[in-house]
Amino acid sequence: MRVDPILRLIVTRLSLAFVSLFAVSLIIFSSIAILPGDTAERILGRDATKQSLEALRAELHLSDPAPLRYGRWLAGVVHGDFGRSLVADRPVLPYIGAYLGRTLVLGGLALLVHIPLSIGLGLLAAAKRDGPFDIGMSIAVLIGMSVPEFVTGIFLVLWLANDLHLFPPLALIDQAQSMGSALLMLALPVMTLNFAMTAYVVRQIRSSMIDILRSDYVRMAALRGLPPSRILLAHALPNALGPAINAIALNASWLVGGIVVVEVVFNYPGLGRLLVESIRFRDVPMVQGAALVLSATYISVNLVADLLTLLINPKLRTRTA
Amino acid sequence: MTDAPISARGVARPEQRHSGAVRLFRRFPISAMVAGIVLLAYVTIAVFAPIISPYSPTDIFVGSPFEPPSSLYLLGTDNLGRDVLSRVIYGSRTILLMAGSAAGLSALIGGLLGMQLGYRGGLVDEIAMRILEIIMSIPSIIFALLIVGILGASAPLVTFTVGLLSVPNVTRVVRAATQSVVAEEFVTAARARGETSLSIVLREILPNVAGTLIVEFSIRTGYAILFIGGLGFLGFGAQPPTPDWGLMVNEGRGMIDASIWPVVSPAVCMAALVTAVNLFTDGIMRIFGPAERGRIS
Amino acid sequence: MSDIKKLGLSRRTLLASAAVLGGSAFLPLGEVNASTATKTLRIASGEADGVKGTLDPAYGTNDPDAARANLVFEGLVKLDENFGVQPSLATDWKTNEDGSVWTFHLRPNVKFHDGSPFTAADVIFSFRRLFDPKAPSPSAAWLAPINPDAIKASDDLTVEFNLRQPVVEFPELIAYSKIVKAGQTNEQLRTAGIGTGAFKVEHFVPGEEPSTYLRHDQYWQPGKPGVDRVELRTVPEESARIAALVSGQIDIFWDLPLRGLTRLEQDKNIVLQSAHTGFWLGITAWTDTPPFDNLKVRQALKLAVNREQLLKAVLGGRGSLGNDSPVAPWVKFGLQAPQREQDIEQAKKLLAEAGHPNGIDLELYTSASGSGLVELATAYKAQAEPAGIRIKINQAPAEDYWSNIWLKKPFIVTAWSGKSADAALARPFLSDAEWNETHWHNKEFDNYIFEARRTLDETKRGELYRKAQELVRDDGGAIVALFSDAVGATRANVKGWKLHPQKLSQSFVDVTIEG
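Quick caveat: nothing in here was measured; it's all calculated off a predicted structure.

Time to look at the overall build of chain B. What chain B contains, in helices and strands, is 11 helices and 0 strands. Along chain B, from the amino end to the carboxyl end, the secondary structure elements read α-α-α-α-α-α-α-α-α-α-α. For chain B, the residues scored as buried account for 53% of the 297 residues in total. For chain B, contacts bridging at least 24 residues in sequence account for 73% of all contacts bridging at least 6.

Turning our eyes to something else, we now look at the overall build of chain A. A count of helical and extended segments in chain A gives 12 helices and 0 strands. Reading chain A from its N terminus to its C terminus gives the helix and strand order α-α-α-α-α-α-α-α-α-α-α-α. Overall, the C-alpha framework of chain A stretches about 85 × 65 × 35 Å when taken along its three principal axes. A total of 321 residues make up chain A; the buried ones form 45% of that total.

Counting residues at the interface gives 42 residues for chain B, matched by 46 residues for chain A. Elements represented by at least two residues in the side of chain B that touches chain A include exactly α6 (140-151), α9 (197-234), α10 (245-253) and α11 (261-288) of chain B. The biggest single contributor to the side of chain B that touches chain A is α6 of chain B, with 9 residues. The residue inventory of the side of chain B that touches chain A, partitioned by class, reads 26 nonpolar, 10 polar and 6 charged.

Here we take up the interface of chain A and chain C. Interface extent is often summarised as the accessible area lost during association of the parts. If you look at the interface, chain A gives 26 residues, while chain C gives 25 residues. Looking at the side of chain A that touches chain C, the elements with two or more residues in it are α5 (92-127), α7 (149-163), α8 (179-213) and α11 (271-281) of chain A. Of the residues assigned to the side of chain A that touches chain C, the class counts are 12 nonpolar, 9 polar and 5 charged.

Residue and element names in this part refer to chain C. The pairing of strand β7 (residues 151-155) with strand β8 (residues 158-162) spans 4 bridges and is classified as antiparallel. In the strand pairing of β8, Lys152 is matched with Glu160. A loop of 2 residues connects β7 with β8, the two strands running antiparallel in sequence.

Moving on to helix α9 (residues 295-303) of chain C. What α9 of chain C keeps buried is the set Val297, Arg298, Ala300, Leu301, Lys302 and Leu303 of chain C. Each element contacted by the buried residues of α9 of chain C is listed here: β14 (270-285), α11 (344-353), β17 (389-396) and β19 (478-491) of chain C.

Our next topic: the sheet that holds β8 of chain C. All names here are of chain C. The strand order β5-β6-β8-β7 describes an open sheet built from 4 strands, whose pairing is antiparallel. Every interior strand has two partners, whereas the edge strands, β5 (90-95) and β7, have only one. Neighbour-to-neighbour, the strand axes of this sheet turn through a mean angle of 20°, independent of strand direction. With 5 bridges joining them, strand β6 (residues 101-106) and β8 adopt antiparallel strand pairing. Among the inter-strand pairings, Trp102 is bridged to a residue of β8, identified as Phe161. Together, β6, β7 and β8 form the strand contacts of helix α4 (residues 120-128), whose direction differs from that of β7 by roughly 175°.

Right, let's talk about the confidence of the model for chain B for a bit. Residue and element names in this part refer to chain B. Counting all residues, the mean pLDDT for chain B is 82, and 87% of those residues have values of 70 or more. For the stretch residues 1-19, pLDDT sits under 50, and the model shows 37 contacts to residues farther than four places along the chain or on other chains. Note on residues 291-297: pLDDT is under 50 here. Beyond four places in sequence and across chains, it has 24 contacts. Our summary of model confidence lists the complex with pTM equal to 0.77 and ipTM equal to 0.83.

Attention now moves to the confidence of the model for chain A. Where the model shows low pLDDT, its predicted coordinates should not be examined in detail. All names here are of chain A. The predicted model of chain A averages 81 in pLDDT, with 90% of residues at 70 or higher. Mean pLDDT values over the elements of chain A span from 66, in helix α2 (residues 39-44), up to 89, in α5. Note that pLDDT drops below 50 for residues 317-321; the model gives that stretch 9 contacts with residues more than four away or on any other chain.

One recurring pattern in soluble globular proteins is that nonpolar side chains are buried together. Counting residues in each nonpolar core, the largest one holds 319 residues, and the members touching the most others are Leu275 and Ala290 of chain A, Leu145, Ile225 and Ile228 of chain B together with Leu376 of chain C. When residues of this core are assigned to their parent elements, the largest contribution, 18 residues, is made by helix α10 (residues 228-265) of chain A. Those residues in contact with Ala290 of chain A that sit more than four places away from it in its chain are Ile96, Leu271, Leu274, Leu275 and Ser278 of chain A.

Let us look at unusual backbone geometry. Residues and elements named next belong to chain C. Following Lys224, the chain continues to Pro225 via a peptide bond in cis, the omega torsion being -5°. For Pro225, the position within the fold is in the loop between β11 (211-215) and β12 (229-234). Put simply, Pro290 and Pro291 share a cis peptide bond, and its omega is -5°. When you line up the elements, Pro291 lands in the loop between β14 and α9. One non-glycine residue with positive phi stands out, namely Phe333, at about 75°. Residue placement: Phe333 occurs in the loop between β15 (319-321) and α11. A count of 22 C-beta atoms within 10 Å places Phe333 in the buried class. A positive phi angle is found at His439, which is not glycine, with a value near 50°. With respect to the helices and strands, His439 occurs in the loop between α14 (421-429) and α15 (443-452). Given 17 C-beta atoms within 10 Å, His439 falls into the partly exposed group.

Residue and element names in this part refer to chain C. Examined against the element boundaries, Trp435 turns out to sit in the loop between α14 and α15. For Trp435, a count of 16 C-beta atoms within 10 Å corresponds to the partly exposed category. Beyond its immediate stretch of four places on either side in the chain, Trp435 contacts Ala141, Leu407, Arg427 and Pro428.

Right, let's get into the packing of α11 of chain A against α6 of chain B. For the pair α11 of chain A and α6 of chain B, interaxial distance at closest approach is 10 Å and the crossing angle is 15°. Classified by the angle between their axes, α11 of chain A and α6 of chain B sit roughly parallel to one another. Handedness of the crossing formed by α11 of chain A with α6 of chain B: right-handed. Two secondary-structure elements touch here, α11 of chain A through Leu275, Val276 and Ile279 of chain A and α6 of chain B through Ile142, Leu145 and Gly149 of chain B. Its residues assigned to classes, the contact of α11 of chain A with α6 of chain B comprises 5 nonpolar, 1 polar and no charged.

This next bit is on α7 of chain A. Residues and elements named next belong to chain A. An ideal rise of 1.5 Å per residue puts 21 Å on 15 residues; α7 measures up with 20 Å between its terminal C-alpha atoms. For α7, the complete set of buried residues consists of Glu149, Phe150, Val151, Thr152, Gly153, Ile154, Leu156, Val157, Leu158 and Asn162. At the C-terminal side of α7, His165 shows a positive phi close to 55°.

What describes two packed helices is the angle between their axes and the distance between those same axes. All names here are of chain A. Between helix α6 (residues 132-146) and α8, whose axes approach to 8 Å, the crossing angle comes to 130°. Classified by the angle their axes make, α6 and α8 are oblique. For α6 against α8, the interelement crossing comes out left-handed. On α8, the residues touching Met137, Val141, Gly144 and Met145 of α6 are Phe195, Ala196, Thr198, Ala199, Tyr200, Val202 and Arg203. Taken together, the residues of the contact of α6 with α8 break down into 8 nonpolar, 2 polar and 1 charged.

A few words now on the environment of Asp343 of chain C. Residue and element names in this part refer to chain C. For Asp343, the location among the structural elements is in the loop between β15 and α11. Assessed through the 18 C-beta atoms surrounding it within 10 Å, Asp343 is described here as partly exposed. When the C-alpha positions of Asp343 and Ile174 are compared, they lie 41 Å apart, and in sequence the two are 169 residues distant.

Rules behind the numbers
Sequence positions are assigned chain by chain, starting from 1 and proceeding in written order. All chains are assigned letters beginning with A, and all ligands numbers beginning with 1, in the order in which they are written. For this predicted model, a pLDDT threshold of at least 70 governs which residues receive local features, and a threshold of 80 or more governs which side-chain atom pairs are given and counted, while totals over whole chains, interfaces and linings are taken from all residues. A run of DSSP states H or I qualifies as a helix once it reaches four residues; a run of E qualifies as a strand once it reaches two. Both are numbered from the N-terminal end. Backbone-placed C-beta atoms define the burial measure: a residue is buried with 20 or more other C-beta atoms within 10 Å of its own, exposed with 12 or fewer, and partly exposed in between. Contact between residues is assigned whenever the C-beta positions, reconstructed from backbone atoms, fall within 7 Å. Residue type decides the class: Asp, Glu, Lys and Arg count as charged, Ala, Val, Leu, Ile, Met, Phe, Trp, Tyr, Cys and Pro as nonpolar, and the leftover types, Gly among them, as polar. By this definition, two strands are paired if DSSP reports at least two bridges between them. Structural elements are reduced to axes, namely lines fitted to C-alpha atoms, with helices fitted over the stretch in contact, and the angle between N-to-C directions of any two is expressed from 0 to 180 degrees. Looking at any residue, its pLDDT shows the predictor's confidence there, from 0 to 100. Each nonpolar core consists of buried Ala, Val, Leu, Ile, Met, Phe, Trp, Tyr and Cys residues. Their C-beta atoms, within 7 Å, join them into a set. Reported orientations rely on four angle classes, namely roughly parallel under 35 degrees, roughly antiparallel over 145, roughly perpendicular from 65 to 115, and oblique for the rest. Left-handed is the label given to a crossing in which the near helix is rotated counterclockwise from the far helix by less than a right angle, and right-handed is the label when the rotation is clockwise. A helix is expected to span 1.5 Å for every residue after the first.

Now the structure itself:
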């Protein structure tokens, strides 16, 4: 029986993703466990009392061999038990759930703005090629790619929140009394993220569109007397979308990593900030949980992006960069 | 600005083995040349920092804290009365050294690995590619935070980690470029002549992927600057009182109401440096031809 | 546009519906209270505590912990701005002839948050649990004179403390210890403790912000508290605190930086308050560890300090000079002595006499976990250099510092909140103090303290405390460099709040919000 090639593709990618996730969990666990030095001492500091070291060793079962501990941790994770935070003395999972939710809100919002914004700007830049808009766009793109997110974030707060009072400086979401004011509070971090992401897609769309607009296919349509807007939207855009979606997909996965810095800049209670904090606190179970979940998110987003790209553009069966 | 050369098509064309200098410069846009000059300026400043810098970057109280820019202190002073300009100048050393080394490390290892895999192919290649894919499925910042956070932040460790994390990207690109070169006739001819693998790799393949490698090095430098700056900002980079730009932004942002210059100065310098690197990268990408690449990440 | 026309919508309608949809986004999400709106006071501390936070007054260690505990719990007595003792849950107290037995009369008709009455049994429970051998509170160290098994209730409203040794300033000693309702477990007290304070816990989960508190309707002070609800957060970035006040997102900050306040000073909607405090910043060294075990080395380190320059560098001038005694000169029993000045030559000479003719190399730990700590280290490094004291600075991550560096490294930058003379001397410097940062074991000093605690005569007591301070200054391992001012601010419509010089003793009972 012939298996649908698309189905086979999906299954392959899915299994690859699982293998990746498994490998990632191994890497996360071993990077903490295998590094030189005694784990308990590393967590509590070299001058910790013997008592507290022993207590920690018992709690984390550090006397067991590493593979056993790894297996135990993994088994727990599969059942939803990520262990107990050393610092909060409460289960890790609810924290991760809450913080992840907030990260997804921020990331999702950023993407929601990013997709229409970058496609629109890219189209405009292509349509007004070499005009003042296009040149301005090129400069903005260059700056967007070059300025680090923490710089963008700090400056946006300085300018838009503190000077112009357009947005509240702190993202204290729970203070928001309506959807609108919550969105206002998230506006600055979303803008910061978009500043970096939009640059790539705009560039991508612009160059694809220019190529397409020069192609015979489009020239034929123009010769046939179709209005330019129709050509742009109905004929050119679908072909340009492939690489554009690829770029957007890459942005989505970049987002999982890039959001860490933005969360720290804006003191936003998301998973990225939790990861950084728990590393500083040496809260090993929390670090493992947060790193694993963030990586899983990254892998999932990558998977979805991969599949979308391949499904939309069947020509790109070989791995795209 | 003309078309951005991000096309997913195309391959190192054979005639570019023999690019003449004239052809080179005709394709090299002015913006890239300006960028190159800027880069040269940065490197010069970094090299001659002790001579150029008006004060030592760690001398406290050359002026009172948070002084605005003046003829004595061109960029003002920070919370400890240190001259911001001097710290920025010395900071260029830190970042250029770290980012350059990281990029160099990834170019070296990635280049060698990529050429080997591209040349040999077969099962080793398949397995290696899977492994690389898996490594690339961890967001780099998480991996970097884990390593640096647990082992303790220091400049060499950060450099090494950032360099290592970019190896898969470079490997992939060099491997692809190698594969296309291997398909060319002159390689088959060399094999037929009985050349050893090593000599083929060095004499036939390397010159052809050199362009790609140089472009990759340039891209990786820009990326490393951003990554290292970000780690420095989070406190996982070089430690105080080292004048690391990312760290300076972090230290200064709490007191931004007292003075913006300790934050603005390193931030602008970092942004300008990456901009120049990106423009320069675009330029050399035109020379060496568009290679198969994805986003700069 | 042509397709949309097919749907029968005109452009105008489309725009109109978009406006309505967009505008409705700004309508309140939940129901609006039909009755008078709840007055919510939004306060924030400076330090962050993440998932470490606790509501249990026996185990709190930082500013947010103290803020929480102050909202929900009260002590038998409390300290005012001058470290004078005021009644709180106790109305009056007396002692026997030598100060070894103290009797407190408790305030009648005080109710806990759950309505149950406050009695002597709760006092006994609250103090006994501090000494639980399985999980002793850090305060057990300085409360050592208390024998937990010798606290007696003569009746429901009278408690008698039979101390192991006489303590003449006993009320001062227990001013920070809070009373919790008897019978609660440590788990409960971590997040949902029941106390007698003006506010009860509505919601607190370590790591989640804000924590919220509701007015205690049966609070014993009539007409108080002045607000219905409190939201407590942490805002670690100093510039973010200023921004939050200006934008009106937070009503009160009691921990503001000493610099960069121009925006606040110029804003008519914000009221700044400032106060002299006993909060001191300095550097401490383990006196039992080479090279600090040599007295001359310690003296040299102290002589290398240029305190005026430090005051400018670290506090922007908002503070006063320290003289290596932890008791601020304006506090009761504070040592009045000529100000110690920098003397590099003498420092070099002392180092040479101590066997370091070529100077010494030291590693100094600091962190950005409190304002001024990094500046202090960096400034001192440069000041000490000409004396041959070569310092390498190790900056630890902020969240780490008080758990992994303080008390665990031999040479660190430190800060102590202001205290009365006895506490300021005893807590860091008594030989068996839990927080003996300098590992100093000076029998003479210990004796001065113990004797002072037995001396009912104030003049004589003062003499003893002054002698003790002289020992710390000359023999101890601490450089007490600076005393800080405190700066706080409120929105202009917030009334009734006074900045307490001690960061950890803020009260919000009298606050009202206008408008």
